[in-house]
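# Structural characterization, general
Here are the chains, one letter per residue:
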Amino acid sequence: MGRDVERSRSAHAYGVAVLASVVALGATLLVWPRLETTPSPLFFAAVVVSSWYGGLRPAFVATALAALATSYFFVPPVHSIAIESLDDGLRLGLFVLVAVLTGSLSAARRRAEIERGQQASIAELGRLALAGGELSGLMHEAATHVARTLGIEYAAVWELSSGNRLPVLRAAVCCRKEIVADVVLDTDVLSAAAPEIDDSEHLADGNGVRLAKVIIRGSEGPLGILSTHVARPRRFSAGDAHFLQAVAHVLGEAMMRRRAEEERTALLARERTARGRAEAASRAKEDLLATVSHELRAPLAQLVTWSRLLRLGRHDDTALDAVERSTRTLERLAGDLLDVSRISAGKLALSLRPTALADAVEAALDGVRPSAMTKGVGLEQDLAITPMELLADPTRLHQVVWNLVGNAIKFTPPAGRVVVRLRQIADRAELTVTDTGRGISAAFLPHVFEPFRQAGGATEGLGLGLAIVRQLVELHGGTVRAESPGEGRGARFTVVLPLLSAATDVFGGGSIAACGA
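Our subject in this report is the structure included herewith. What you see is a predicted model, and the numbers here were worked out from it, not measured in a lab. (Residues numbered from 1 in each chain as written. Predicted model: local features only at pLDDT ≥ 70, side-chain atom pairs only at ≥ 80, totals over all residues. Heavy atoms only, no water.)

### Remarks on the packing of aromatic side chains
In the structure shown here, the tally under the stated rule is one aromatic pair. Aromatic side chains Phe 449 and Phe 493 sit 6.0 Å apart centroid to centroid with 85° between the ring planes, which places their arrangement in the edge-to-face category. Taken together, the positions of Phe 449 in the loop between β10 (428-435) and α11 (465-475) and Phe 493 in strand β12 (residues 491-498) put the pair 44 residues apart, joining distant regions of the chain. For Phe 449, a relative accessible area of 10% puts it in the buried group. (Phe/Tyr/Trp six-rings, centres within 6.5 Å; stacked < 30°, edge-to-face > 60°. Helix = DSSP H or I, 4+ residues; strand = E, 2+ residues; numbered from the N terminus. Buried < 20%, exposed > 50% of the residue type's maximum accessible area, 1.4 Å probe, protein only.)

Right, here's the structure in full:
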């Protein structure tokens, strides 16, 4: 079908050549009796019109028809194509030569104007690309220039993203009678059968096509597609192909530059993020050293002071209590630091076995009850009667409860209250520790379980207790969350752990190596 349509267009061009020759003949016959001059000028005009409209071959057809008409109507003997006079033959031959040259020059001029228009479009697109504007605007201008310059109905630019190899429509225009409007095209129009216009074999073929595409290439492969769509199949010339390739090259350079800018922006963003993390880590190290130094100074000072008094012979219970208290403080600080280090390195081992949760909670409460009584804080417990067994490490479970309740007592003022409740919800055990202490601000609440973070400053411990609680709870397959209405309004910590029936399938039994987050 494409070959038939192309032949139809060629026949139309030749028809214009015949029509121009007939009009030139009629006009010459009208003026010939009055002027009796050479009939060549009007036939030259027919040749120029034929070459301008259809190219060089229709111009040759017009030249041949003009030569026959001149020989038949104007060169003696009239009404015969025979030429008796050598002068008449020379004049006719000279006419044919001049007509051929005129047609060739006219066709060459037409091609030059087309190439000049194409070069102007490429130069304009190159200027826009160098200006560094939006890539979408450049794609729209490219489609517009292609449609107008080649005289086709539709032109579109598609982009191939790195993650998805299906083309994405970026710009599409419809051009009719020099009026350009945006349109929407379906991806299905780029079928696998659509020929590539930069295929030399296709250019040598006489078939016309409705859809042709030029691959927009980059240094690492295809970046997109420049497509042309026509209502009637047509054959693209070598000049048309070179023009489309030049437009695709401009788009390819612009797309590569855009992607390089995006990669550079992403690289700068990652560098800023990495630098921020490094600076935060550096500050965290400095804060850690300052905090550890501060926390160690007090118990060490107590040990030095009371050891000197003991050396001087003061052997009362006050000195021994102070030494024991300072030693336990140092032991706790060292234990917290060691636990955080083991969790971070994934070397903390849990010895899991069936454990009665209520017994573990009550044992931990017995350990912190003296400090609550000393400070004047009421410690209440509401433990469920229903037996609840967990697959847990009793020592680490004791550490979780001790840290949560001890932290609540620490930040609750005298005459305050700390309530510990234990409930079973489906196949989970829920432990809540509620206090009437200073509470937690909304800004600090998301950071309450982060290590070395504390709302009260460096004078209130290392800030590791809650971080260790979260890690140990998660290693037991549970969750922990903190809630607070605000500063001065108390806080509540909730730990949810799987019961034995739900945890056996997950953990199995025996000792396991637990990895920290």
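Next comes the rest of the account.
### Re the packing of helix α9 (residues 357-375) against helix α10 (residues 394-410)
Orientation of α9 relative to α10, taken along the N-to-C sense of each, is 30°, at an axis distance of 9 Å. The angle between α9 and α10 falls in the class roughly parallel. The handedness of the crossing between α9 and α10 is right-handed. Where α9 approaches α10, its residues Leu 357, Ala 360, Val 361, Ala 363, Ala 364, Leu 365, Gly 367, Val 368, Ser 371, Ala 372 and Lys 375 are matched on the opposing element by Leu 397, His 398, Val 401, Trp 402, Val 405, Gly 406, Ile 409 and Lys 410. Residues of the contact of α9 with α10, tallied by class, amount to 13 nonpolar, four polar and two charged. (Axes fitted to C-alpha atoms, helices over the stretch in contact; angles between N-to-C directions. Parallel < 35°, antiparallel > 145°, perpendicular 65-115°, else oblique. Left-handed = near helix turned anticlockwise from the far one by under 90°. Contact = heavy atoms within 4.5 Å. Nonpolar A, V, L, I, M, F, W, Y, C, P; charged D, E, K, R; others polar.)

### Re the sheet that holds β10
Judged by pairing direction, the sheet is mixed, and its five strands sit side by side in the order β7-β9-β10-β12-β11 without closing on themselves. Sheet topology places β7 (378-383) and β11 (479-483) at the edges, where each strand pairs with a single neighbour. Here the average twist between neighbouring strands, direction ignored, is 15°. In this structure, β10 lies alongside β12, joined through eight bridges in antiparallel fashion. (Pairing = 2+ DSSP bridges.)

### With respect to the packing of α10 against α11
It is the contact of α10 with α11, at a shortest axis distance of 9 Å, that shows an interaxial angle of 145°. The hand of the α10/α11 crossing is left-handed. Across the interface between the two elements, Arg 396, Gln 399, Val 400, Asn 403, Leu 404 and Asn 407 of α10 pack against Gly 465, Leu 466, Ile 468, Val 469, Leu 472 and Val 473 of α11.

### Digging into α9
Its 19 residues give α9 an end-to-end C-alpha distance of 27 Å, which sits within 8% of 27 Å, the value for a rise of 1.5 Å per residue. When the local axis directions of α9 are compared, the greatest deviation, roughly 40°, occurs at Val 368, which is followed within four positions by the proline Pro 370. Buried within α9 we find Leu 357, Ala 360, Val 361, Ala 364, Leu 365, Val 368 and Ala 372. (Expected span 1.5 Å × (residues − 1). Bend = angle between axes of the 7 residues up to and from the residue.)

### A short note on the pairing of β10
Direction of pairing for strand β9 (residues 417-425) relative to β10: antiparallel, over a ladder of eight bridges. For Gln 424, the partnering residue across the bridge sits in β10 and is Ala 429. Here β9 folds back onto β10 in antiparallel fashion, the turn holding two residues, of which Ala 426 has a positive phi close to 55°.

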